[in-house]
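Coordinates in review
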Amino acid sequence: MVQVVARLEQGAATLEESLGLWERGEALARRCEEWLVGAKARLDAARAAAEES
């Protein structure tokens, strides 16, 4: 993700390359969001189980 941002910030990419990089960045951001949602769900489940004990 850092490499994608760095390449976009350099401004040396063509429009087509920039669009591809932006799309890749969006895909990576979505994947990270999925991981975070999953981690939160696991934490919530663990907390609920601990409260029941």
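Everything discussed here concerns the structure shown above.
These notes cover the structure that comes with them. From a predicted model like this one, the values you see are computed outputs, not experimental measurements.

1. Details of helix α2 (residues 15-52)
- Its 38 residues place the ends of α2 55 Å apart at the C-alpha level, agreeing with the 56 Å of an ideal helix rising 1.5 Å per residue.
- L21, G25 and L28 are the residues of α2 that are buried.
- Elements that come into contact with the buried residues of α2 comprise α1 (2-10).

2. Considerations on the environment of Q10
- Turning to its location among the elements, Q10 is positioned in helix α1.
- By relative accessible area, Q10 is classed as exposed at 61%.
- Separated by 28 residues in sequence, Q10 and G38 place their C-alpha atoms 34 Å apart.

3. A word on the pattern of salt bridges
- A full pass over the atoms with the stated rule returns three salt bridges.
- In this structure, the salt-bridge partner of K40 is D44, at a minimum N-O distance of 2.7 Å. Separated by four residues within a single helix, K40 and D44 lie in helix α2, roughly one turn from each other.
- Between R47 and D44 there is a salt bridge; the shortest N-O distance is 3.9 Å. Of the two residues, R47 and D44 are both situated in helix α2; the distance of three residues between them amounts to about one turn of the helix.
- The class for R47 is exposed, based on a relative accessible area of 53%.

Cut-offs used in this document
- Every chain begins its residue count from 1, and numbering advances along the sequence as written.
- Selection of residues for local features in this predicted model requires a pLDDT of at least 70, selection of side-chain atom pairs for listing and counting requires 80 or more, and totals for whole chains, interfaces and linings are taken over all residues.
- Think of the side-chain values as coming from all heavy atoms in the structure, minus any hydrogens and water.
- Here a helix means four or more residues in a row that DSSP labels H or I, a strand means two or more in a row labelled E, and each is numbered from the N terminus.
- Helices are assigned an expected span. That span is 1.5 Å times one less than the residue count.
- Burial here depends on accessible area, computed with a 1.4 Å probe over protein chains only, as a share of the maximum for the residue type. Under 20% is buried, over 50% is exposed, and the range in between is partly exposed.
- Residue contacts follow a heavy-atom distance rule, with two residues in contact if any of their heavy atoms lie within 4.5 Å.
- Between Lys or Arg on one side and Asp or Glu on the other, a salt bridge is scored when a side-chain nitrogen of the former is within 4 Å of a carboxyl oxygen of the latter.

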